[in-house]
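In case you want the letters, here they are:
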Amino acid sequence: MAACAPASAAPPAAGGQLLVGFDRDAAKDGQRAALDGAGGRIAERFAAIRGGRLALVRPRSGVSLRILRRRLSRRPEVAYAERDYFNFATAKTPDDPLYSSQYALGDSPEDHDIDAPDAWGTRTSCAKVAVLDTGVDLDHPDLKANIVESKDKPGDGKDNDKNGYVDDAHGFNAIKGKGSGEDNEGHGTHVAGIVAGRGNNGTGVAGVCWSGKVVPVKFLDSNGRGSTSDAIAGIEYAVKTGVKIVNCSFATRGKSEALHDAVKFAEKKNVLLVVAAGNDGQNIDKSAIYPAAFNDPNILAVAASTSEDKLASFSNFGSTEVDVAAPGDNIRSTYIGGGYRVLSGTSMAATFVAGVAALLKKQEPDAKYDDLRYVIRRKVDKPPALKGKVESNGRLNARKALAAIRDRVN
């Protein structure tokens, strides 16, 4: 997976491996028989997804990936066998690096912002949010206090907290399958700062959440690209840690039933997935981007708006598949190396929504994902330029959503 890439005839995918979902009635001996007969072997099994019947499969010596996929697709024990598509982080650097970084939050007369100061008058702390991305700069002065810390000791090769993961002291590296979610690209750190750049500390920027824990889950590499299998491992990890809000600022054109299974697993655990609509400037009602175009009720897809309350030129849109818009053009936030940078993209827009969802969840801990989704979609500002571009016809408003969540839950 990677930042939203333009459409292509064959979506790019990781070489030499497939994601295989076995039928719900297929016992392990039947699964083994199917793999043996097709010439495949299990490289990794996702114990929590599809009841343990989702696996990353590689061909045995002498068997091509194409032949393996064709053979598996014919087996009655196999529900699907698909390529491990790459997903891409949805961000790009704008032309004007000096553009104001605070317009998205402030309460300006132009009303192109999310009314954060009014919301902060009620609450500045947030529920925990997982950032499924390139990781987070764990030592950033504006983030360090808001990054989750487990009982694992970094680098000792042990699962000290007995959660099934090794060395996950500060989030998780799904690429390596162990260790913390340290960022070596920058996108994830930028996203994390929008959610929870430490507020009112006299340093750098303020996030939507002045305080609250971010769980860094690294599945995108130093090029902003990551496999679907690593995205699934990241979702599985985030849900197992008890997080109820996951920010997914990435996209792919490869429709993956395996990724869809992970989305459904998150739904069963009452987890909201806030996802970026993508940066192709296209209507995804007609040209689908995933996971935004999955129709599951725990997905909240977000387009990017500008400082003029218009749809950003790069932003995907869709009156059916995209739920709401949020500021995503020329956004200043934290960056690797302890610095700050201005970026644009639906990645940034989605993260404002994830931050507001975390405010709501902290305000009303009993709120379910559908409660969060309802107030975020319905309690919006409705600038004329967004009509017909997103399902809600509107742009995120933190104040209105926070004022409505109690009545919605109670």
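Residues numbered from 1 in each chain as written. Predicted model: local features only at pLDDT ≥ 70, side-chain atom pairs only at ≥ 80, totals over all residues. Heavy atoms only, no water.

(A) Highlighting the nonpolar core. Judged by nonpolar contacts, the single largest core of 59 residues is most densely connected at Ile114, Phe352, Val353, Val356, Leu360 and Ile376. Per-element accounting of this core gives the leading share, 11 residues, to helix H7 (residues 346–363). The residues contacting Ile114, other than those within four sequence positions of it, are Ala104, Leu105, Val208, Pro327, Phe352, Val356, Arg395, Leu396, Asn397, Ala398 and Arg399. One finds Tyr165, Val217, Leu259 and Val322 within the second-largest nonpolar core, a separate group that totals 54 residues. (Core = buried A, V, L, I, M, F, W, Y, C linked by side-chain atoms within 4.5 Å. Buried < 20%, exposed > 50% of the residue type's maximum accessible area, 1.4 Å probe, protein only. Helix = DSSP H or I, 4+ residues; strand = E, 2+ residues; numbered from the N terminus. Contact = heavy atoms within 4.5 Å.)

(B) Up close: the state of the cysteines. The full count for this structure, using the stated rule, is 1 disulfide. Residue pairing for Cys126: its cysteine sulfur links by disulfide to Cys209, the two sulfurs lying 2.0 Å apart. Taking the sign of the S-S torsion, -90 degrees for the link of Cys126 and Cys209, the bridge is left-handed. Here the residue Cys126 occupies a position in the loop between helix H3 (116–120) and strand S5 (129–133), and Cys209 occupies one in the loop between helix H4 (187–196) and strand S7 (214–218), the gap between them amounting to 83 residues. Residue classification places Cys126 among the buried positions, given a relative accessible area of 5%. (Disulfide = S-S within 2.5 Å.)

(C) Layout of the environment of Tyr340. For Tyr340, the location among the structural elements is in strand S15 (residues 339–343). Look at Tyr340 and you get partly exposed, because its relative accessible area is 29%. As a C-alpha pair, Tyr340 and Asn279 span 61 residues in sequence and 22 Å in three-dimensional space. Setting aside chain neighbours within four positions, we find Tyr340 in contact with His140, Asp142, Thr203, Gly204, Val205, Arg332, Ser333, Thr334 and Tyr335. One polar contact links Tyr340 to Asp142, side chain to side chain, over a distance of 3.3 Å. (Polar contact = N/O pair within 3.5 Å; in protein donor to acceptor, adjacent residues only side chain to side chain.)

(D) A look at the pattern of salt bridges. Inspection of the entire model under this criterion finds 17 salt bridges. Among the ionic pairs, Asp323 bridges to Arg373, the shortest N-O distance being 3.1 Å. Residue Asp323 is found in the loop between strand S12 (299–305) and strand S13 (324–327), and its partner Arg373 is found in helix H8 (residues 369–378); the two are separated by 50 residues along the sequence. Just as Asp323 is buried, Arg373 falls in that class too. Between Glu364 and Arg406 there is a salt bridge, with the nearest N and O atoms lying 2.9 Å from each other. Pair noted here: Glu364 is in the loop between H7 and H8 and Arg406 is in helix H9 (residues 398–409), with a separation of 42 residues, a long-range link. (Salt bridge = Lys/Arg side-chain N within 4 Å of Asp/Glu carboxyl O.)

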